[in-house]
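Coordinate inspection notes
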Amino acid sequence: MKPVILICAVRNLKDSKKQFLIHESYVSAIHAAGGTPILAPITNDLSEIKSYISMCDGLLLSGGEDVSPMLLNEEPIRGIGYISEERDRFEFMLFKEAKKQNKPILGICKGCQIIALSTGGKIYQDIFTQHSNTIEHSQPEEQLGELFHTVSLDDNSKLYELFKTEKIRVNSWHHQAVLSVGEGMKITAKSSDGLIEGIESIDGLIFGVQWHPELLFEKYPEQLSIYKELIDQCIKLKK
Ligand SMILES: [Mn+2]
């Protein structure tokens, strides 16, 4: 059986219709990497969250709206966008339970920030006001299938093993970013302005990137290696 990868089904906050949704690219990337994606609607019921994690082999924390400043014990600064506290709380609980059950975790964009925060790190609410001399990190949405800025990979990282080079180009669609990581985590990729674009745990079971490989892999197949790594880890742990 293929590894089952759980993704949080999110709300469209710009639409009053009561729907749970997921961008198709995450589903396509998991399929292409050899996994079976399943969606978990948001809940705050811990027993349900335990069940969700028990029935999957790995967790994908997808991209999305801004992390709620309230959960960071901060006031919202100017430039903060849509937030969903219920989703944040759900994903923090999913992370905690997945870690407890020793299931591999991949975080994309917001997911990378959820990982950083869950492991004791910090994030920027808005890089363009809180980080000086940042390069552009918000590509036009229609061009997210194209490479945009460079990132440097740490040569002692999973990303370096996957890409076998110190510099790669990635897409970029974020105005928040990881500011620091907690214990047991390391920084694996940075953009030229010094912002963190990749993180992983020392044991290698948890990793995140700030960009969107699921929007690139059809044109740039090497980007699928990030999703394949998640699937490979699930297979190893199942044996
Ligand atoms: Mn970026």
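Relevant structure appears above.
Presented here is a report on the structure given in the accompanying data block. Owing to the predicted nature of the structure, the values given are computational and were not obtained by experimental measurement.

**Details of the overall build of the protein chain**
Tallying secondary structure elements over the protein chain gives seven helices and 12 strands in all. Projected onto its principal axes, the C-alpha positions of the protein chain cover 45 × 40 × 35 Å. Evaluated residue by residue, the protein chain yields a buried proportion of 51% over its 239 residues. Across the protein chain, every contact between residues at least 6 apart in sequence was considered, and the portion connecting residues at least 24 apart equals 68%. Summed over its atoms, the accessible surface of the protein chain is roughly 11,200 Å², and 50% of this surface lies on carbon and sulfur atoms.

**Let's talk about the packing of aromatic side chains**
Enumeration according to the criterion identifies one aromatic pair in this entry. Taking the centre distance of 6.1 Å and the plane angle of 75° together, the rings of Tyr 52 and Phe 90 count as edge-to-face. In this pair, Tyr 52 is assigned in helix H2 (residues 46-54) and Phe 90 in helix H3 (residues 85-100), connecting sequence segments 38 residues apart. An identical accessibility class is assigned to Tyr 52 and Phe 90; each is buried. Lys 158 extends its terminal NZ or CZ atom over the ring of Phe 207, reaching a point 5.2 Å from the ring centre.

**What about the nonpolar core?**
Of all hydrophobic cores here, the largest spans 31 residues; its most connected members are Leu 6, Phe 90, Leu 94, Ile 105 and Ile 115. Looking at which element gives the most residues to this core, the answer is helix H4 (residues 110-118), with five residues. In contact with Ile 115, other than residues within four places in its own chain, are Leu 61, Phe 95, Ile 105, Leu 106, Gly 107, Met 185, Ile 199, Ile 206, Phe 207 and Gly 208.

**Notes on the coordination of the manganese ion**
Here the manganese ion is held by His 137 (ND1), His 149 (NE2), Ser 172 (OG), His 174 (NE2) and Glu 197 (OE), and the distances to it run 2.2 to 2.3 Å. Counting the intervening residues between successive donors of the manganese ion yields the motif H-x11-H-x22-S-x1-H-x22-E. Here Glu 197 lies in strand S11 (residues 196-201) and His 149 lies in strand S7 (residues 149-153), a separation of 48 residues in the sequence. Pair check on accessibility: His 149 and Glu 197 agree, each one buried.

**Comments concerning unusual backbone geometry**
In this model, Asn 73 sits at a positive phi of 60°, which is unusual for a non-glycine residue. You can see Asn 73 is positioned in the loop between strand S4 (58-61) and H3. Residue Lys 164 is not a glycine yet carries a positive backbone phi of 55°. Locating Lys 164 in the fold gives a position in the loop between helix H6 (158-163) and strand S8 (167-170).

**Comments concerning helix H1 (residues 24-33)**
Among the residues making up H1, those that are buried are Ser 25, Tyr 26, Ala 29, Ile 30 and Ala 33. Projected down its long axis, H1 carries its buried residues within an arc of 135°, all on one side. Tucked inside the fold, the buried residues of H1 contact strand S1 (4-11), strand S3 (36-41), S4, strand S5 (105-108) and helix H7 (225-238). In the segment just after H1, Gly 34 is the residue with positive phi, at about 100°.

**What to know about the layout of surface pockets**
Estimates place the volume of the largest pocket at around 990 Å³. Contributing elements (two or more residues each) for the lining of the largest pocket: S1, H1 and H4. Residues belonging to the lining of the largest pocket are distributed by class as follows: 10 nonpolar, 13 polar and eight charged.

**Some details on the pairing of strand S12 (residues 206-209)**
A two-sided burial pattern is seen for S12, the buried positions comprising Ile 206 and Gly 208 on one face and Phe 207 and Val 209 on the other. Pairing analysis gives four bridges linking S5 to S12, with the strands arranged parallel. Across the sheet, Leu 106 pairs through a bridge with Phe 207, a residue of S12. Hairpin geometry of S11 and S12 is characterised by an intervening segment of four residues between the two adjacent antiparallel strands and by a positive phi of about 80° at Gly 204.

Rules of the game
- Each residue is numbered by its place in its chain's sequence as written, counting from 1.
- Side-chain atom pairs in this predicted model are given and counted only at pLDDT of 80 or more, local residue features only at pLDDT of at least 70, and totals for whole chains, interfaces and linings cover all residues.
- The side-chain numbers reported here are obtained from all heavy atoms of the structure, hydrogens and water having been left aside.
- Helix and strand labels come from DSSP, where a helix needs a run of H or I of at least four residues and a strand needs a run of E of at least two; each type is numbered from the N terminus.
- Burial classes follow relative accessibility: with a 1.4 Å probe on protein chains only, a residue under 20% of its type's maximum area counts as buried, one over 50% as exposed, and anything between as partly exposed.
- When checking whether two residues touch, look at their non-hydrogen atoms; a contact exists if any pair is within 4.5 Å.
- Reported accessibility uses the Shrake-Rupley method at a 1.4 Å probe radius. Residues are deemed covered only where the shown protein chains occlude them.
- Think of it this way: a Phe, Tyr or Trp ring, Trp meaning its six-membered ring, pairs with another when their centres are within 6.5 Å, and the plane angle makes it stacked under 30 degrees, edge-to-face over 60, tilted otherwise.
- Only when the NZ of Lys or the CZ of Arg is both within 6 Å of the ring centre and within 35 degrees of the ring normal is a charge said to sit over the ring.
- Nine residue types can take part in a nonpolar core, namely buried Ala, Val, Leu, Ile, Met, Phe, Trp, Tyr and Cys, and a core is a set of them joined through side-chain atoms within 4.5 Å.
- Distances define the donors: N, O and S atoms within 2.8 Å of the metal qualify, as do those within 3.2 Å of Na, K or Ca. Water is excluded, so some sites may look unfinished.
- Here the arc refers to the set of directions running from the helix axis out to each C-beta atom.
- Both site types are read off a 1 Å grid over the protein atoms alone. A 1.4 Å probe that fits but cannot get out defines a cavity, while an open set with protein on both sides within 12 Å along at least five of seven lines defines a pocket; lining residues have an atom within 4 Å of a point.
- Grid points are joined across faces, edges and corners, and a volume is the space filled by probe spheres set on the points.
- In this classification, the charged set is Asp, Glu, Lys and Arg, the nonpolar set is Ala, Val, Leu, Ile, Met, Phe, Trp, Tyr, Cys and Pro, and all remaining amino acids, among them Gly, are polar.
- The criterion for strand pairing is that DSSP finds at least two bridges linking the strands in question.

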